[in-house]
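Examination of the molecular architecture
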Amino acid sequence: MTRRILVTPRSVTAAGLESVIELQPLRDAGFELVSGPAGTTPTAADLADVPHDIVGWLAGVERIGPAEMDLLPALRVISRNGAGADAIDAAAAAARGIEVLTARGANARGVAELALSHMLAGVRGTVPSHDALRRGEWFRTPGREFPDLTVGVVGYGAIGRLSAAFARGLDARVLVSDPFAVSDRPDVESVELGDLFARADVVTLHAPPPADGTPLLDRRRIALLPPRAVVVNTARWSLVDPTAMLDALESGAVSCYAVDAFAEEPPAPHPLLEHPNVILSAHLGGYTDASVRRAVEGAVAGLLSTLGSR
């Protein structure tokens, strides 16, 4: 009996499944691999054409709800090539007996390095200067150096810990806030969330969205930020109230907002995305050679732990 696994992460299908050596353990275990559309997130129409005897799904960032699960009646496990599973309807999966797994920590360094690059760009004003020079203009603003700054890290998981370490490596003062973890370093201070927003010149977000769906950084909390604050969001678009952030950028209360995660990809037009002090990147955080390799290896290990071999 053929057992099939669906593979849909864009970073994997773009290269062609045959060229991704991290998938070989699945083939060795007797599974046939079915690719989603090359380099793009699958649509409902794409999934309708997938064989219905799929038992495992190596998934990317696509939303997976009851309708998608019902297209695959034999599905036993969804294994994401990343740390978050909020795009997967956990209740629907549980009701159907589908296990949901993640590759925790696999992309931590890639995301933390991107967050650092956005922090540096934000405090040095490199993007507005770049844009001005492209227009044939000369524009620069005084930058700030990390020893003069307090960096606030929201979420102290694998990515947050690396982000805190990078900021300390540049001699910034570092605050962290996480309801489930405290700093294990003497040079990193654990604080309440409101205290972090009130004290941090640079805020980098590495937490899941609140369970009630409200933005973590709303108008009230944005008002707590020190003047010229820089906010970096490599986690989830929904963490920040876009209208409140746009108003803060327009008033100069926030000097830069950098975002790498969007409600849909590519994002729909929004006035916030057009602001000159917004830095945009196309979900690049975990999109490095090493992060993709580790993420696929982690997702494959999860599939094998549930499905075993022939």
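Residues numbered from 1 in each chain as written. Predicted model: local features only at pLDDT ≥ 70, side-chain atom pairs only at ≥ 80, totals over all residues. Heavy atoms only, no water.

Here is the rule we go by: UniProt positions are given in the numbering used here, feature names are shortened, and annotations may be inferred rather than shown by experiment.
Going by what an unreviewed UniProt entry lists, the chain is known as Oxidoreductase and is assigned to Labedella phragmitis. Looking at the Sequence similarities (unreviewed entry) heading of the UniProt record, one finds this comment for the chain: "Belongs to the D-isomer specific 2-hydroxyacid dehydrogenase family."

**Remarks on the overall build of the chain**
Quick note on the threshold: Counting from the N terminus, the helices are DSSP H or I runs at least four residues long and the strands are E runs at least two residues long. In this setup the radius of gyration rests on C-alpha atoms only. A globule is expected at 2.2 Å times the number of residues raised to 0.38. Throughout, exposure labels follow a simple rule: accessible area from a 1.4 Å probe, protein chains only, divided by the maximum for the residue type, with under 20% read as buried, over 50% as exposed, and the rest as partly exposed. By the convention used here, residues are in contact when the closest approach between their heavy atoms is within 4.5 Å. Here, Shrake-Rupley sampling with a 1.4 Å probe gives the accessible areas, and only protein chains in the shown set may cover a residue. Positive charges come from Lys and Arg, negative ones from Asp and Glu, while His and the chain ends are left out of the count. For charged residues, the charge sits on one atom: NZ in Lys, CZ in Arg, CG in Asp, CD in Glu.
Within the chain one finds 12 helices and 12 strands. Taking 2.2 N^0.38 as the reference for a compact globule, 310 residues should give roughly 19 Å; the C-alpha atoms of the chain span a radius of gyration of 21 Å, in line with that estimate. When the backbone C-alpha atoms are referred to their principal axes, the chain occupies close to 65 × 45 × 35 Å. Each of the 310 residues in the chain was classed as buried or not, and the buried ones make up 48%. If you take every contact in the chain between residues at least 6 apart in sequence, the share linking residues at least 24 apart comes to 62%. Surface accessibility of the chain: about 14,500 Å² in total, with carbon and sulfur atoms responsible for 54%. Taking the average location of the 28 positive side-chain charges in the chain and that of its 37 negative ones, the two points are 4 Å from each other.

**Considering helix α12 (residues 289-307)**
To keep things clear, this is the line we draw: The span expected for a helix works out to 1.5 Å for each residue beyond the first.
Here α12 spans 27 Å end to end across 19 residues, near enough to the 27 Å set by a 1.5 Å rise per residue. Within two residues after α12, G308 carries a phi angle of roughly 70°, on the positive side.

**Some remarks on the UniProt feature "domain: D-isomer specific 2-hydroxyacid dehydrogenase catalytic" (unreviewed entry) in the chain**
The sites that carry the UniProt feature "domain: D-isomer specific 2-hydroxyacid dehydrogenase catalytic" (unreviewed entry) are, in the present numbering, residues 69-303. Helix and strand shares over residues 69-303 are 35% and 16% respectively, and the end C-alpha atoms of the span are 16 Å apart.

**Side note on the side chain of T13**
The cut-off we apply is this: In protein, a polar contact means a hydrogen-donor-capable atom and an acceptor-capable atom, both N or O and within 3.5 Å, with residues adjacent in sequence counting only if both atoms are side-chain atoms; elsewhere, any N or O pair within 3.5 Å suffices.
Note on placement: T13 falls in helix α1 (residues 10-13). Looking at T13, the relative accessible area reads 3%, which means it is buried. A polar side-chain atom of T13 sits 2.9 Å from the main-chain amide nitrogen of G39. When residues no more than four places from it in sequence are discounted, the contact partners of T13 are V7, T8, S35, G36, P37, A38, G39 and T40.

**Some details on the sheet that holds strand β5 (residues 99-101)**
Put simply, the test is: Pairing between strands requires that DSSP locate at least two bridges from one strand to the other. Angles run from 0 to 180 degrees between N-to-C directions of axes, and those axes are lines fitted to C-alpha atoms, restricted for helices to the stretch in contact.
Across the sheet, 5 strands lie side by side as β2-β1-β3-β4-β5; this open sheet has parallel pairing. Each of the sheet's edge strands pairs with one partner strand only, and the pair in question is β2 (31-35) and β5. Sheet twist, expressed as the mean angle between neighbouring strand axes with direction ignored, is 20°. Relative to β5, strand β4 (residues 77-80) is paired through 3 bridges, and the arrangement is parallel. Bridge pairing in β5 links V77 to E99.

**Some points on the pattern of salt bridges**
If charged atoms from side chains of opposite charge come close, those side chains can pair. Let me state the cut-off plainly: Criterion for a salt bridge: a side-chain nitrogen of Lys or Arg within 4 Å of a carboxyl oxygen of Asp or Glu.
As enumerated under the stated definition, the model contains 13 salt bridges in all. As a salt-bridge pair, E137 and R135 come within 3.2 Å of each other at their nearest N and O atoms. On the basis of relative accessible area, E137 is assigned to the partly exposed category, the value being 40%. A salt bridge links D195 to R199, with the nearest nitrogen and oxygen atoms 3.2 Å apart. Linking D195 with R199, this pair stays in helix α9 (residues 193-199), spanning 4 residues, or about one helical turn.

**Structural notes on the nonpolar core**
Going by this rule: What is meant by a nonpolar core is a set of buried Ala, Val, Leu, Ile, Met, Phe, Trp, Tyr and Cys residues, joined one to another through side-chain atoms within 4.5 Å.
V154, M245 and Y257 are the most contacted members of the largest nonpolar core, which has 32 residues in total. If you list the elements that add at least two residues to this core, you get α9, β9 (202-205), β10 (229-233), α11 (242-251) and β11 (254-259). When residues in this core are grouped by element, the largest group, 5 residues, is from α11. Excluding anything up to four places from it in sequence, Y257 contacts V231, N233, V240, M245, L249, L272, N277, V278 and I279. Membership of the second largest hydrophobic core comes to 27 residues, among which are A115, L116, V202 and A258.

**Let's talk about the environment of P51**
With respect to the secondary-structure elements, P51 resides in the loop between α3 (44-48) and β3 (54-59). Spatially, the C-alpha atom of P51 lies 10.0 Å from that of A74, the residues being 23 residues apart in sequence. Apart from the residues within four sequence positions on either side, P51 is in contact with R4, V34 and L72.

**Looking at the packing of helix α6 (residues 108-124) against helix α8 (residues 158-169)**
Let me state the cut-off plainly: Oblique is the label for any angle not covered by the other classes, which are roughly parallel (under 35 degrees), roughly antiparallel (over 145) and roughly perpendicular (65 to 115). Here is the rule for handedness: rotate from the far helix to the near one, and if that takes an anticlockwise turn smaller than a right angle the crossing is left-handed, while a clockwise turn gives right-handed.
At a minimum axis distance of 8 Å, the contact between α6 and α8 shows a crossing angle of 45°. When the interaxial angle is binned, α6 and α8 end up oblique. For the element pair α6 and α8, the recorded crossing hand is right-handed. Contact residues: A108, R109, V111, A112, E113, A115 and L116 in α6; A158, I159, L162, S163 and F166 in α8.

**As for the UniProt feature "domain: D-isomer specific 2-hydroxyacid dehydrogenase NAD-binding" (unreviewed entry) in the chain**
Those places that UniProt annotates as "domain: D-isomer specific 2-hydroxyacid dehydrogenase NAD-binding" (unreviewed entry) correspond, in this numbering, to residues 117-285. Split by type, residues 117-285 is 30% helix and 18% strand. Its first and last C-alpha atoms lie 10 Å apart.

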